[in-house]
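Here is what each chain is made of, one letter per residue.
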Amino acid sequence: MVRSICCRSEKLFLEGDSYVGNFKGIFPHRRGRYTWSDGTVYEGEWEEGKMTGKGQIFWPSGATYEGDFSGGYLHGFGTLTCSDGSIYRGDWRMNVQHGLGRKEYCNSDVYDGSWKEGVYEGSGWYSWSNGNTYIGNWKGGKMCGRGVMKWENGDRFDGFWLNGFRHGSGCYRFADGSYYFGTWTTGLKDGQGTYYPAGSKHPSLRRLCSFDRDKGKRKELLSHSSSQDLQDRVTSPGVKRSLSEKISISSVVRGSGRISHRTASLDGGSSSRDSIREFSSCDTSHMLSHSSDGGEHDMLDNTTVVFDREYMQGVLIKERIRRSTFKSKQRRKHHTKEVKKRSCVDIFEGHKSYYLRLNLQLGIRYTVGKITPVPMREVRASDFGERARIQMYFPRKGSQFTPSHHSIDFYWKDYCPMVFRNLREMFKLDAAEYMMSICGDDGLRELSSPGKSGSIFYISHDDRFFIKTLRRSELKILLKMLPRYYEHVLDYENTLITKFFGLHQITLLCGRKVRFVVMGNMFCTELRIHSRFDLKGSTLGRTTNQDEINQNTTLKDQDLPYEFHMDKLLRESLFKQLKLDCTFLESQQIIDYSLLLGLHFRAPEQLNALLEPPNALLKHQTSHETDGSNSQEISIPPKALLLVTHEPSSVNTAPGPHCRGQTLRAFSVGDKEVDLLLPGTARLRVQLGVNMPAQANRKLLQEETDSVEVELFEVYDVVIYLGIIDILQNYNMKKKIEHAYKSLQHDPTSISSVDPKTYSKRFIGFLDKVVFPDRNNPEGG
């Protein structure tokens, strides 16, 4: 055996670098000291010419690093002291902070938590020098996800964040003891919520802001209406640097390490010290709930005065005072039992929801993975019908074709796999994205209540897809209409009819079956949907009980107080496609469908002067004492909605699961394709049923105007989202339901029996004359 001999010596290089230490052949090996010509010094362990092991490096600027190296990189655990005095102690991967670490900035700010590629990502705690603190989740160097912010003055916010802004549901506790439970959009109160004044009795944060552990989203327990005055606004801590800041050390090492060579792959493992691991290993959700409860206790069977408020982009538009009684625990338990009785088929006992979701994910992952490698081809007649299917048995222990799992044994059936594979391609939906959205680690979540028919609804973790259980009759209707539906989608890429992505069935060994359909969620948008309406063009039973309305209630025809006016060409495109879609539904003998309408409101024009800029949360409040008085700068934004010429490079042109088709043209910009510009918020691609701008007019009642001579309207800028839903109700089935209903009511006129053609005519007429009237033709199109 020939052994390599390591000798200690000194060597000078042509570039002016020098090395003193051990060699292995011509490469530094084991321990040594390398000095670059610019004054950078490394002293520590080497492995065949690369800094590997423990060592120290000193830069001419005064910055130092002591810790682990691997392959010439800062890799492992180490401490970096920068020339400005800031110190980072934690994990590294290939010259950037990655893992768990603590950074103390020169201005006394401190971040302690998880890092990814040099920025804050995961769970972490940030303390500002002014006394403000944040503990919660981060993404891309910004507060994102569930988190608690505590200000030096005693105010505290516990809720959801996005890109450094309060965004989503949350609870704001003021230093004086008052609370606000509501929703925010990019830092502004937006939507409905409830305000509890200081000294009033209120339930604890855990009762009103319970969060689902799978997703971390607040369950719908907020009351009807929202928010606080302008005086309630608070600013985020003053951060004197970008939260996405990272130390540019990789370029320093790369520029100085002339004898170091990059390696393509390094061990991704990292080590850390006890104090950092203690923080990160804590149950973050427990810390957040505990820190935000503030020692409050449940106050049951007590009455208090609360304020139901509603905000629109930070502007208070409605307020109602009410007396609220907190129900007893026994009453809540009784109510829970009543809701449980309404559930769909109770085939999995107490674990029904968990097993259904798990089985559904296992089946979709299997069938999509099986069909994806098959070469694309045109669908054939044999690809349709009940016999066109993939079947597989999923035992708990697994089999040659299926993985082991923690559910119960079941059979899986995937209907018309080639048809739905082609539909997903037509909707420009990537197979991997589809599987990850539904079958990813974050899983599915069940909506809080079953549908009117008793169906169970699931939604994917990223809100892109709805999954609904079907009756046997609905499955048959979908299979029967699928060939024509496929042709319709192929011919009309702007169709507003529900997008279907898969049809499946789970069968237990006892023979019981559950059928599912996967659909696109048209309200998966970048903007908050403030109001939802289900419109049929009917008046009978089309009113919502006012006591049951909350911010996510889908209202009905009689609840719609607005008429909408939009650009001439946008309106023409909308009604052209509506008529095509209704003609298709007529041909399939479909009846009783609806137009699902979602509205995103911009602040009323008359309130613009009070509107807080969207980026105000991350800026210091520009107020100071001058001669004993406060002065504050107020920003007045421009018009809420603008149509501008389409620029593909400025918007995301890839359609989501709720939309498909070309960018629309607008008359107001000279018959050109358009984008929707929301000043200070976003630039969005306008498509049929997606990001469509309009004016919403609400006629004021006489008692609101105090005048009988003049008709007054409230005018709002809105962004519209819409689509045709509930298309699985066949005419013959409808007739049977109507007949049974009339027999029970003993009133043959209680329901107007209409054929599909009459229904579609009434449906289009209602939308044309009442919902979207042509401003140039008051009688309708």
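Fair warning: this is a prediction, and the values are worked out from it, not measured in the lab.

Side note on the overall build of the protein
Along the protein, the regular secondary structure elements total 13 helices and 39 strands. The burial tally for the protein puts 51% of its 781 residues in the buried class. About 38100 Å² of surface is accessible on the protein, with carbon and sulfur atoms providing 50% of the total.

Points about the packing of helix H7 (residues 417-426) against helix H9 (residues 472-491)
Remark: H7 packs on H9, axes separated minimally by 11 Å, with the N-to-C direction vectors making an angle of 20°. Taken together, the axes of H7 and H9 lie roughly parallel to each other. When you trace H7 past H9, the crossing you get is left-handed. Contacts between H7 and H9 involve Val-419, Phe-420, Asn-422, Leu-423 and Met-426 from the former and Leu-482, Tyr-485, Tyr-486, Val-489 and Leu-490 from the latter. Residues that form the contact of H7 with H9 fall into these classes: nine nonpolar, one polar and no charged.

Here's the deal with the sheet that holds strand E21 (residues 389-394)
Note on sheets: strands pair through backbone hydrogen bonds, and any given pair is parallel or antiparallel. The antiparallel open sheet is built from seven strands, whose spatial order is E21-E22-E26-E27-E25-E24-E23. Since the sheet does not close on itself, it has two edges, and those belong to E21 and strand E23 (444-446), each with one partner. Neighbouring strand axes in the sheet, compared pairwise and without regard to direction, differ in orientation by 25° on average.

Side note on the sheet that holds strand E28 (residues 531-535)
Pairing within the open sheet is mixed, and its six strands lie in the order E29-E28-E31-E39-E38-E30. The two strands at the open ends of the sheet, each matched to only one other strand, are strand E29 (554-555) and strand E30 (562-565). Examined bridge by bridge, E30 and strand E38 (residues 692-699) share four bridges and lie antiparallel to one another. Along E38, the bridge assignment pairs Tyr-562 with Arg-698. Relative to the sheet, helix H10 (residues 568-587) contacts strand E31 (594-601), E38 and strand E39 (713-725), its axis offset from that of E39 by approximately 30°. Here helix H13 (residues 756-771) sits on the sheet and contacts E28, E30 and E31; the angle it forms with E30, its principal contact strand, is near 85°.

Describing the pattern of salt bridges
Summed over all chains, the structure comprises 21 salt bridges. Asp-308 is the salt-bridge partner of Arg-320, the closest N and O atoms lying 2.9 Å from each other. Here the residue Arg-320 occupies a position in strand E20 (residues 315-325), and Asp-308 occupies one in strand E19 (residues 303-312), the gap between them amounting to twelve residues. Look at the salt bridges and you will find they share partners, linking Arg-102, Glu-104 and Asp-112 into a network.

As for the nonpolar core
By size, the foremost hydrophobic cluster in this structure holds 116 residues, and its most contacted members are Leu-423, Tyr-485, Phe-564, Leu-574, Ile-720, Ile-727 and Phe-772. The greatest single-element share of this core, amounting to nine residues, is contributed by H9. Beyond its immediate chain neighbours, meaning those up to four positions away, Ile-720 contacts Phe-564, Met-566, Leu-597, Gly-598, Leu-599, Gly-689, Val-690, Asn-691, Met-692, Ala-694 and Phe-772. Of all hydrophobic cores here, the second largest spans 36 residues; its members include Tyr-134, Tyr-172, Trp-184 and Tyr-195.

Notes on H10
Compared with the 28 Å implied by 1.5 Å per residue over 20 residues, the 29 Å span of H10 between its first and last C-alpha is a close match. Those residues of H10 lying buried are Leu-569, Leu-570, Arg-571, Leu-574, Phe-575, Gln-577, Leu-578, Asp-581, Cys-582, Phe-584 and Leu-585. The backbone nitrogen of Leu-569 lies 2.9 Å from a side-chain oxygen of the residue at the head of H10, namely Asp-567. Phi turns positive one or two residues past the end of H10, at Gln-589, with a value near 60°.

Brief notes about unusual backbone geometry
In this structure, Asp-671 takes a positive phi of about 60° despite not being glycine. Its identity as a non-glycine residue notwithstanding, Asn-691 has a phi of 60°, on the positive side. Note on placement: Asn-691 falls in the loop between strand E37 (682-685) and E38.

Some points on the environment of Thr-663
Inspection of the secondary structure assignment puts Thr-663 in the loop between strand E34 (642-645) and strand E35 (665-666). Taking the relative accessible area as the measure of exposure, Thr-663 reaches 8% and is therefore buried. For Thr-663 and Asp-675, which are twelve residues apart along the polypeptide, the C-alpha to C-alpha distance reads 8.1 Å. Aside from chain neighbours lying at most four places away, what touches Thr-663 is His-646, Glu-673, Val-674, Arg-685 and Val-686. A distance of 2.7 Å separates the side chain of Thr-663 from the side chain of Arg-685, its partner in a polar contact.

Looking at the environment of Met-392
Its location among the elements puts Met-392 in strand E21. C-alpha of Met-392 to C-alpha of Thr-367: the two residues are 25 residues apart in sequence and 9.1 Å apart in space. Ignoring sequence-local partners within four residues, the contact set of Met-392 consists of Tyr-366, Phe-401, Thr-402, Phe-410, Tyr-411 and Trp-412.

As for the packing of aromatic side chains
Within this structure, the stated rule accounts for 51 aromatic pairs. Seen in terms of ring centroids, Phe-157 and Trp-161 are 5.4 Å apart; in terms of plane orientation they differ by 85°. Their pairing is edge-to-face. For Phe-157, a relative accessible area of 0% corresponds to the buried category. By relative accessible area, which is 3% here, Trp-161 ends up buried. The ring centre of Phe-157 lies 5.7 Å from the NZ or CZ of Arg-166, which sits over that ring. Cation over ring: Lys-189 sits above Tyr-180, and NZ or CZ is 5.7 Å from the ring centre.

A word on the packing of H9 against H10
Closest axis-to-axis distance for the H9/H10 pair is 11 Å, and the angle between their directions is 160°. By the criterion of interaxial angle, the relationship of H9 to H10 is roughly antiparallel. Crossing geometry of H9 relative to H10 is assigned as right-handed. For the pair H9 and H10, the contacting residues are Met-481, Arg-484, Tyr-485 and His-488 in the first and Gln-577, Leu-580, Asp-581, Phe-584 and Ser-587 in the second. Among the residues forming the contact of H9 with H10, the class breakdown is four nonpolar, three polar and two charged.

Rules of the game
Residues numbered from 1 in each chain as written. Predicted model: local features only at pLDDT ≥ 70, side-chain atom pairs only at ≥ 80, totals over all residues. Heavy atoms only, no water. Helix = DSSP H or I, 4+ residues; strand = E, 2+ residues; numbered from the N terminus. Buried < 20%, exposed > 50% of the residue type's maximum accessible area, 1.4 Å probe, protein only. Areas by Shrake-Rupley, 256 points an atom, 1.4 Å probe, with all protein chains shown as cover. Axes fitted to C-alpha atoms, helices over the stretch in contact; angles between N-to-C directions. Parallel < 35°, antiparallel > 145°, perpendicular 65-115°, else oblique. Left-handed = near helix turned anticlockwise from the far one by under 90°. Contact = heavy atoms within 4.5 Å. Nonpolar A, V, L, I, M, F, W, Y, C, P; charged D, E, K, R; others polar. Pairing = 2+ DSSP bridges. Salt bridge = Lys/Arg side-chain N within 4 Å of Asp/Glu carboxyl O. Core = buried A, V, L, I, M, F, W, Y, C linked by side-chain atoms within 4.5 Å. Expected span 1.5 Å × (residues − 1). Polar contact = N/O pair within 3.5 Å; in protein donor to acceptor, adjacent residues only side chain to side chain. Phe/Tyr/Trp six-rings, centres within 6.5 Å; stacked < 30°, edge-to-face > 60°. Lys NZ or Arg CZ within 6 Å of the ring centre and 35° of its normal.

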